[in-house]
There are 2 protein chains.
Amino acid sequence: MATIKDVAKSAGVSIATVSRVLNGSANVKQATRDAIQRTIQELNYMPNALARGLQKKQSKTIGVLFPDATSYYFAEIIRGINTCIQQAGYRIVVSSAHDAADEANVFLSLWKSQQVSGMIVMMPSTHNATIFNSTQRSIPLILLNTAITDGADITITIDNYQGAKEITKHLIEHGHQAIGFIHGAPNNHDSEERYRGYQDALNEGNLTRSSHLEFHGNFTENSGYRAVISLLNQSEKPTAIFAANDAMAIGAVEAARQLSLQVPQDIAIVGFDDISTARYINPPLTTMNVPVLEIGEMAGNHLIRLLEDNRQVVTREITVPVHLVVRESCGCPKEK
Amino acid sequence: MATIKDVAKSAGVSIATVSRVLNGSANVKQATRDAIQRTIQELNYMPNALARGLQKKQSKTIGVLFPDATSYYFAEIIRGINTCIQQAGYRIVVSSAHDAADEANVFLSLWKSQQVSGMIVMMPSTHNATIFNSTQRSIPLILLNTAITDGADITITIDNYQGAKEITKHLIEHGHQAIGFIHGAPNNHDSEERYRGYQDALNEGNLTRSSHLEFHGNFTENSGYRAVISLLNQSEKPTAIFAANDAMAIGAVEAARQLSLQVPQDIAIVGFDDISTARYINPPLTTMNVPVLEIGEMAGNHLIRLLEDNRQVVTREITVPVHLVVRESCGCPKEK
DNA sequence: TTGAAAGCGCTAACAG
DNA sequence: CTGTTAGCGCTTTCAA
């Protein structure tokens, strides 16, 4: 593999000069520059990013850290990040973490060992608020969907609360009084916020909350399924159910079918996320649309800005609005 | 950020000794080793992977290169790769490429600049067979879903041909004589192989092929939709359609609905991939299941083996079997 | 406008 | 068992 030395020798100049044209320094005679560029072509030379990174103390890579379970978001967010970041000359290093402890390790290794220039971390668990202490951190950090509100330069969060409130209100407006909620995974920030929105909507609608309207799930289809099956043993049944995500809503619809409950006539079911499957199930799912790709792009763009504009330290919290998509599973006429 | 020097100084030894314990060399007195390890803890020291990579001439990262359009596969494959690779101490660098030319660039930059230890490339376009010339390549390469059969150490390909043949035969066995085919993107290897399987199934079933049974799509739902809409103007209509992927099949089902054609009674529709949505559409889609996660794991495992076992140069072509999932869109009773 | 030289943090002979 | 030293390929003063 050709190195800068080879280029220098072959072009009859010093490595310093080669380095200058590599880095676009102005102080090189045009003729020299041309000659060097030609030699670079001939030798198929490409600078070694490791050596460069070692010297410059920055790797031009950005670390992306995800929870282990593949969330529906994963691919789209990566794609969103990649679009902006790649053209700015950065590369993505992806890692996943099993749990909070593991996450801390991966974070540290990405930062200290891999020398990433910046990080985008998605960690909706509410367990690990202490990891990202900004006092000891020297690289920009963007947190996605997290409960942690400080320590990051920027946090980008879905407006779970408003979204949940809105979709619950939609149910209320259309006459539902007994509205159930299926929780997502425990200690998950998204789930908790959606629950908060649900509660407040009930309160504002003067509906009483009740523990047998609440079901515990973990964001999987199967857990949504089981939640609705458990209704069998209940005397007092909800007329509508808001599942904390679409996967569970889909499981719930499936369970309803097996219990011979008509959706939405016997029971309305709504979700959150607007995953691609949502519009195809029967009946098509009413849900809150989350602009996932845009979140990725936003994260990428902001990180690049942080990196290139010398890291202005304005901590910012961005809340991404979601919007209601009324389909048929709620039994309401489209209006919005 | 603490360096090896800091550790050495703080522990009262030379950097060579620190390096030895870092790399698990046997020739260090236990007491010294302990002291150094303690210092490492204290200083929160982690070795700089850039410096190490520069010296060792290998970065312990593996490059993953994907086409630009997010295929359904993307996330799952990454996840599959990541599981095995991460525990072997490697990291993934993901990149995407718009087209063949861009791909060559990204490939080169990953290899020469980023100094990746190995690569996994997914590039189903049949246009760029020359890029990965093994004579000039010095790192192991695994190609996924590709037309290119040499130049890589290992290729992992879905058994598109057999799968397509099987699902077409399934249609034939259940009485269909006029079976349409919706092509995927032009010059796409998967699409071409599926087409080949379709053709051979027709031939073996003594069915005549006809150009007005073929429709041109690009793997998007919309293109499947348009294909079926175009049937309107045809006098001779197929009784069944095999779409080269599920997305197009879903679009086709949608179009059929709009044309008031019953699926499967008026027209049977089947796909390929078994994406998660397939079982939820109405009617549930009969399709070929592709074990995507497994493919990723396989790629990761093989690459690690190539990397750690000193790169035995046995070129291998792995074909991943797919299996028929009979649901309702084909109108056939479940049997398999 | 160019070159010489120091050094980024680490590993790997080579000596001792 | 441990230390000294020479680089890995690059950027960046400092001189010329």
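Residues numbered from 1 in each chain as written. Chains lettered and ligands numbered in written order. Predicted model: local features only at pLDDT ≥ 70, side-chain atom pairs only at ≥ 80, totals over all residues. Heavy atoms only, no water.

### A few points about the protein's contact with DNA strand D
Rules: Being near a molecule or strand, for a residue, comes down to having at least one heavy atom within 4 Å of it. Counted as a polar contact is a pair of N or O atoms within 3.5 Å, where, for protein atoms, one must be capable of donating a hydrogen and the other of accepting one, and residues adjacent in sequence contribute only when both atoms are in side chains. Only DSSP runs of H or I with at least four residues qualify as helices, and only runs of E with at least two residues qualify as strands; both kinds are numbered from the N terminus onward. Amino acids are sorted into nonpolar (Ala, Val, Leu, Ile, Met, Phe, Trp, Tyr, Cys and Pro), charged (Asp, Glu, Lys and Arg) and polar (every other residue, Gly among them).
Neighbouring residues of DNA strand D: 27 residues in total, closest Ile 4 and Tyr 45 of chain A together with Arg 20, Thr 32 and Gln 55 of chain B. Between a base nitrogen of DNA strand D and a main-chain N or O atom of Ala 51 of chain A, the distance comes to 3.3 Å. One of the side-chain N or O atoms of Gln 55 of chain B is found 2.4 Å from a base nitrogen in DNA strand D. Of all the elements in the fold, those that place two or more residues in the surface near DNA strand D are α1 (4-11), α2 (15-22) and α4 (49-56) of chain A together with α2 (15-22) and α4 (49-56) of chain B. Here the residues of the surface near DNA strand D sort into 10 nonpolar, 10 polar and seven charged.

### Details of the relation of the copies chain B and chain A
Put simply, the test is: Overlaid copies result from least-squares superposition on C-alpha atoms, with residues included only where pLDDT is at least 70 in both. Two residues form a contact once any of their heavy atoms are found within 4.5 Å.
Each copy superposes on the other: chain B lies on chain A with an RMSD of 0.1 Å after a rotation of 180 degrees and an axial shift of 0.1 Å. The superposition operator between the copies reduces to a two-fold rotation axis. Interface overlap between copies: 100% of the residues of chain B at the interface are likewise at the interface in chain A, consistent with a symmetric, same-surface contact.

### Focus on the domain arrangement of chain A
Residue and element names in this part refer to chain A. Counted only if it meets this: Segment limits for the domains were obtained from an automatic or database-derived domain assignment. The term buried area refers to how much accessible surface (probe radius 1.4 Å) is lost by two components on association, counted for both of them together. Put simply, a salt bridge is a Lys or Arg side-chain nitrogen that is within 4 Å of an Asp or Glu carboxyl oxygen.
Structurally, chain A comprises domain 1 (4-158 + 291-320) and domain 2 (160-290). Between domain 1 and domain 2, the C-alpha centre-to-centre distance is 39 Å. Contacts between the two partners involve 14 residues from domain 1 and, on the opposite side, 13 residues from domain 2. Around 1100 Å² of area is buried between domain 1 and domain 2 when both sides are counted, 52% of it from carbon and sulfur atoms. Of all residues in domain 1, the largest losses of buried area upon contact with domain 2 belong to Tyr 72, Thr 126 and Ile 158, amounting jointly to 44% of the total for that side. Counting across the interface, domain 1 meets domain 2 through zero salt bridges. Here domain 1 is connected to domain 2 by five residue pairs in polar contact (both at pLDDT 80 or more). Contributing elements (two or more residues each) for the side of domain 1 that touches domain 2: β5 (154-158) and α11 (292-308). For the side of domain 1 that touches domain 2, a count of residues per class yields eight nonpolar, six polar and no charged.

### Section: the interface of chain B and chain A
Counting from both sides, the interface comprises 45 residues of chain B and, opposite them, 45 residues of chain A. Buried surface at the junction of chain B and chain A, summed over both partners, amounts to about 4100 Å²; 57% is from carbon and sulfur atoms. In terms of surface lost to chain A, no three residues of chain B exceed Leu 50, Arg 91 and Tyr 280 of chain B, which account for 19% of the buried area on that side. At the boundary of chain B with chain A, the tally comes to two salt bridges. Across the salt bridge formed by Glu 221 of chain B and Arg 279 of chain A, the nearest N and O atoms sit 3.3 Å from each other. The tally of links between chain B and chain A comes to 21 residue pairs in polar contact (both at pLDDT 80 or more). Listed by contribution, the elements that provide at least two residues to the side of chain B that touches chain A are α4, α5 (74-87), β2 (91-97) and α6 (100-113) of chain B.

### Let's talk about the protein's contact with DNA strand C
Neighbouring residues of DNA strand C: 27 residues in total, closest Arg 20, Thr 32 and Gln 55 of chain A together with Ile 4 and Tyr 45 of chain B. Considering the 4 Å shell around the protein, atoms of DNA strand C inside it are sugar or phosphate in 62% of instances. Contact distances for DNA strand C include 2.9 Å between a phosphate oxygen and a backbone N or O atom of Ser 14 of chain A. In the environment of DNA strand C, a phosphate oxygen lies 2.6 Å from a nitrogen or oxygen atom belonging to the side chain of Lys 57 of chain A. Those elements that provide at least two residues to the surface near DNA strand C are α2 and α4 of chain A together with α1 (4-11), α2 and α4 of chain B. Among the residues forming the surface near DNA strand C, the class breakdown is 10 nonpolar, 10 polar and seven charged.

### A word on the environment of Arg 279 of chain A
As a reminder, the rule being used: Exposure categories follow from relative accessible area, calculated using a 1.4 Å probe and restricted to protein chains: below 20% of the type maximum is buried, above 50% is exposed, and the middle band is partly exposed.
In this structure, Arg 279 of chain A sits in the loop between β9 (268-270) and β10 (287-289). For Arg 279 of chain A, a relative accessible area of 41% puts it in the partly exposed group. Residues Arg 279 of chain A and Glu 328 of chain A lie 49 residues apart in sequence; the distance between their C-alpha atoms is 9.2 Å. Those residues in contact with Arg 279 of chain A, other than ones at most four positions away along the chain, are Pro 284 and Arg 327 of chain A together with Glu 221 of chain B.

### What about the pattern of salt bridges?
All names here are of chain A. All told, the structure shown has 18 salt bridges over all chains when counted by the stated rule. Close ionic contact of Asp 153 with Arg 137 constitutes a salt bridge, the shortest N to O distance being 3.2 Å. Of this pair, Asp 153 sits in the loop between β4 (141-144) and β5 while Arg 137 sits in the loop between β3 (118-122) and β4, and the two are 16 residues apart along the sequence. Here Arg 194 ties to Asp 273 by a salt bridge, and the two come within 3.5 Å at their closest N and O atoms. Highlighted residues: Arg 194 in helix α8 (residues 189-204) and Asp 273 in the loop between β9 and β10, separated in sequence by 79 residues. Because the salt bridges share partners, they merge into one network encompassing Lys 165, Lys 169 and Glu 204.

### As for the sheet that holds strand β9 (residues 268-270) of chain B
All names here are of chain B. For clarity, the cut-off: Two strands qualify as a pair provided DSSP detects at least 2 bridges between them. Fitted lines through C-alpha atoms give the axes, limited to the stretch in contact for helices. The angle between two N-to-C directions lies from 0 to 180 degrees.
Reading across from one edge, β7-β6-β8-β9 is the order of the four strands in this open sheet, with parallel pairing throughout. Edge positions in the sheet fall to β7 (214-216) and β9, since each of these pairs with one other strand and no more. Put simply, the sheet's adjacent strands are angled 20 degrees from each other on average, direction ignored. As judged from the four bridges shared by strand β6 (residues 179-183) and strand β8 (residues 240-243), these two strands associate in the parallel manner. By the bridge assignment for β8, Phe 181 is matched with Phe 242. Sheet strands touched by helix α7 (residues 160-173): β6, β8 and β9. Its angle to β8, the strand with the most contacts, is close to 170 degrees. Packing against the sheet, helix α10 (residues 246-258) makes contact with β6, β8 and β9, and its axis sits at approximately 160 degrees to β9.

### Quick look at the packing of α1 of chain B against α2 of chain B
All names here are of chain B. The condition that has to hold: Should an angle fall under 35 degrees it is taken as roughly parallel, and over 145 as roughly antiparallel, whereas 65 to 115 is taken as roughly perpendicular and any remaining angle as oblique.
Two elements in contact, α1 and α2, have axes whose closest approach is 8 Å; the angle formed by their N-to-C orientations is 110 degrees. In terms of orientation, α1 lies roughly perpendicular with respect to α2. Between α1 and α2, the contacting residues are Ile 4, Lys 5, Val 7 and Ala 8 on the first element and Ile 15, Val 18, Ser 19 and Leu 22 on the second. Taken together, the residues of the contact of α1 with α2 break down into six nonpolar, one polar and one charged.

### Looking at the pairing of strand β6 (residues 179-183) of chain A
Residue and element names in this part refer to chain A. Here is the rule we go by: When the strands point away from the viewer and the path from the first strand over the helix to the second turns clockwise, the crossover is right-handed.
Judged by how many residues are buried, β6 sits mostly within the fold: five of five residues are covered. Across the two faces of β6 the burial is the same, with Ile 179, Phe 181 and His 183 and Gly 180 and Ile 182 all buried. Assessed by its sense of winding, the connection that carries the chain from β6 through α8 to strand β7 (residues 214-216) is right-handed.

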